[in-house]
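One letter stands for each residue in the lines below.
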Amino acid sequence: MTDWRFIRRLYGRRILRFFRAYLLLFAVHQTITIPLILCGVVFFHPKSEIRKAMSDLEARQKETGTFPETLSPRFADQFVLTTSPQYEAYRLRYWMIIAEKRPRRRTLLPFPFRMWGVYAVKPGCDDGVRAVLSDLKTRRIWAYIAEQEGYAFNFRKSFIPDVLIYAFWISAATVCIRRQKRAETTTLKRFEKFRDALFERRDQTGRFPESLEDLDFENASEYRDAFRRREFLCLANLGIGAIGATATSWRAPFAPWRFGRRTLVALEDGSIVKVRGRRAVERFYDVVWAAKKWKNVGYFHPIENKLEFEEGELPFKRIAKANRILKRSFFLSLWLFFLVSYLVRGNLGACYSYVVGATIMALLARTLLAFALIPLPIEPIASFYEFMAHTVFGWI
């Protein structure tokens, strides 16, 4: 088989694997976004109601010639008028005229993202409506408003749901990590028994077994991983320096995307190497896949408890080099896109700042795309970014 046909088939395998992981991430992100969009959490906007209350005040002021001392019954349940003396400190600091009686709560998120408040300012200041983005400041301001207006909102008690949320997530993370460690320990012990059985069989017959059927064992679960219950692989007949491996990899809990993958490999010298990192794990399984179809694909050997690969007749290094070129070209195209967009909107005098801005935006865009953080428009502005902006950070 020519190098080109091999490269094409291996790249097709890698692209399929990439899109499978990409679609999984995309589905996870949109599973969070879509229910919020459908129930109106993301797009519920308090500006329209608070503007109506301000317009009502202005209309009554024109009719009477004096600024009203109370809100109309239509708005009294939702907003509070802060023109009385007890609100003077907040009025002078924020130019606050009307404020919501109760802060907005994000029940799915704890401190410091859980609460934000909306208030109206004097006419002529921006668009007349602003938001308190600080969670802590929101709790303090609206606890004071609650005290003045005589309804229940306690500053200290408002943190109880946050404590419960954190306790839940910390407990869940602890359980997940402990289960992961137990599964890894169990898998390693089973894999060591599997390695010993391979060498024992070699001592008896003069060769390593080519399949699990060549091994005499009573309990099949002894040669399975503790994650997906998949049988270990016998690889001695492939001629790649590895005599056994786990059938599938697993992800370490909370590990970064590029470094979270793990798999175990037994080598001909009797050592067991835990392969770490997405690239290293994918390369190992690619070599196994290629070795089942072609001969002399390459050879694995351990160096300082790491799995090193020496290329054979198939051009794995050429594929890795082409992959790096493609990634750099993609980053360069993003960088040029942002740079040109800055230059079109600005002038050549600020070229240095545009270069820095384009570099930062290209890095950010590549990171977001790597994690499948892309919009899914249900309405013109519906997307994961809208969820982050409106619901997490409280931007308006």
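Rules used throughout
Residues numbered from 1 in each chain as written. Predicted model: local features only at pLDDT ≥ 70, side-chain atom pairs only at ≥ 80, totals over all residues. Heavy atoms only, no water. Helix = DSSP H or I, 4+ residues; strand = E, 2+ residues; numbered from the N terminus. Buried < 20%, exposed > 50% of the residue type's maximum accessible area, 1.4 Å probe, protein only. Contact = heavy atoms within 4.5 Å. Patch = residues over 30% accessible without salt bridge, like charges linked within 9 Å, V, L, I, M, F, W, Y side chains within 5 Å. Areas by Shrake-Rupley, 256 points an atom, 1.4 Å probe, with all protein chains shown as cover. Salt bridge = Lys/Arg side-chain N within 4 Å of Asp/Glu carboxyl O. Expected span 1.5 Å × (residues − 1). Core = buried A, V, L, I, M, F, W, Y, C linked by side-chain atoms within 4.5 Å. pLDDT = per-residue confidence, 0-100. Phe/Tyr/Trp six-rings, centres within 6.5 Å; stacked < 30°, edge-to-face > 60°. Lys NZ or Arg CZ within 6 Å of the ring centre and 35° of its normal. Pairing = 2+ DSSP bridges. Lys, Arg positive; Asp, Glu negative; His and termini not counted. Charge placed at Lys NZ, Arg CZ, Asp CG, Glu CD.

(A) Highlighting the overall build of the chain. Of regular secondary structure, the chain possesses 10 helices and 12 strands. In the chain, buried positions account for 39% of the 396 residues. Put simply, 53% of the contacts in the chain that link residues at least 6 apart link residues at least 24 apart.

(B) Expanded view of a nonpolar patch on the surface. A cluster of nonpolar residues, Ile15, Phe18 and Phe19, forms a patch on the protein surface that exposes about 310 Å² of accessible area. Position of phenylalanine 18 among the secondary structure elements: in helix α1 (residues 3-38).

(C) The arrangement of the pattern of salt bridges in detail. All chains considered together, the criterion is met by 11 salt bridges. One salt bridge in this structure joins arginine 139 and aspartate 162, with 3.1 Å as the shortest N-O distance. One end of the pair, arginine 139, is in helix α5 (residues 135-149); the other, aspartate 162, is in helix α6 (residues 160-205), and 23 residues separate them in sequence. A single network of salt bridges, built from pairs that share partners, joins Arg114, Asp135, Arg139 and Asp162.

(D) Representation of helix α7 (residues 278-291) within the structure. For α7, with 14 residues, the first-to-last C-alpha span of 20 Å sits near the 20 Å given by 1.5 Å per residue. Within α7, 10 of the 14 residues are buried, leaving the element largely enclosed by the surrounding structure.

(E) Structural detail: the environment of glutamate 210. Note that glutamate 210 resides in the loop between α6 and β6 (233-234). Residue glutamate 210 is classed as partly exposed on the basis of its relative accessible area of 45%. In this structure the C-alpha to C-alpha distance between glutamate 210 and leucine 198, which are 12 residues apart in sequence, comes to 9.5 Å. When sequence neighbours within four positions are dropped, the list of residues in contact with glutamate 210 reads Cys234 and Asn237.

(F) Representation of the nonpolar core. Within the largest apolar cluster, 29 residues are counted, with the highest numbers of intra-cluster contacts made by Phe6, Ile240, Phe284, Val297 and Phe316. Sort the elements by how many residues they give to this core and α7 lands first, with eight residues. Those residues in contact with phenylalanine 284 that lie beyond four places of it in its chain are Leu235, Ala242, Ala245, Val265, Phe300 and Leu307. Counting 17 residues, the second-largest nonpolar core is a separate cluster that includes Val80, Val132, Trp142 and Ile145.

(G) Up close: the side chain of threonine 246. Mapping threonine 246 onto the fold places it in the loop between β7 (242-245) and β8 (250-251). Given a relative accessible area of 0%, threonine 246 falls into the buried group. When sequence neighbours within four positions are dropped, the list of residues in contact with threonine 246 reads Thr187, Phe191, Phe232, Leu233, Thr263, Leu264 and Tyr285.

(H) The confidence of the model for the chain, seen in detail. Of the residues in the chain, 82% reach a pLDDT of 70 or more, and the chain-wide mean stands at 79. At the low end of the mean pLDDT range in the chain sits helix α10 (residues 384-392), at 49; at the high end sits strand β9 (residues 261-267), at 92. Segment residues 376-383: pLDDT under 50, and 16 contacts once partners within four positions in sequence are set aside and those in other chains are kept. A low-confidence stretch, residues 389-396 stays under pLDDT 50, and its non-local contacts, those more than four residues away or across chains, total 30 contacts.

(I) Spotlight on the side chain of aspartate 286. Relative to the helices and strands, aspartate 286 resides in helix α7. When its relative accessible area of 1% is taken as the criterion, aspartate 286 is described as buried. Sequence-distant contacts of aspartate 286, that is, excluding residues within four places in its chain, are made with Leu10, Arg13, Arg14, Arg17 and Phe316.

(J) Representation of the packing of aromatic side chains within the structure. A complete count under the given rule lists 19 aromatic pairs for this structure. Judged by centre distance (5.2 Å) and plane angle (90°), the ring pair of phenylalanine 191 and phenylalanine 232 falls under edge-to-face. With phenylalanine 191 in helix α6 and phenylalanine 232 in the loop between α6 and β6, this pair connects stretches of sequence that are 41 residues apart. Like phenylalanine 191, the residue phenylalanine 232 is buried in the burial classification. Between the aromatic rings of phenylalanine 199 and phenylalanine 208, the centroid separation amounts to 5.1 Å while the plane-to-plane angle is 90°, which identifies the pairing as edge-to-face. On the basis of relative accessible area, phenylalanine 199 is assigned to the buried category, the value being 15%. Aromatic ring contacts, followed pair by pair, group Tyr87, Tyr90, Tyr94, Tyr119 and Tyr144 into a single cluster. A cation over a ring is seen here: arginine 102 above tyrosine 151, with NZ or CZ 4.4 Å from the ring centre. If you follow arginine 139 out to its NZ or CZ, it ends over the ring of phenylalanine 159, 4.2 Å from the centre.

(K) Quick peek at the pairing of strand β12 (residues 306-311). Note that strand β11 (residues 298-303) and β12 share six bridges and pair antiparallel. Within the sheet, the bridge partner assigned to histidine 301 lies in β12 and is glutamate 308. Here β11 folds back onto β12, and the loop between the two strands holds two residues, one of which, glutamate 304, carries a positive phi near 55°.

(L) Representation of a positive patch on the surface. On the surface, Arg279, Lys321, Arg324, Lys327, Arg328 and Arg366 cluster together into a positively charged patch. Here the positive patch gets four residues from one element, more than from any other, and that element is helix α8 (residues 316-345). Relative to the elements of secondary structure, arginine 366 occurs in helix α9 (residues 351-370). With a relative accessible area of 36%, arginine 366 lands in the partly exposed category.

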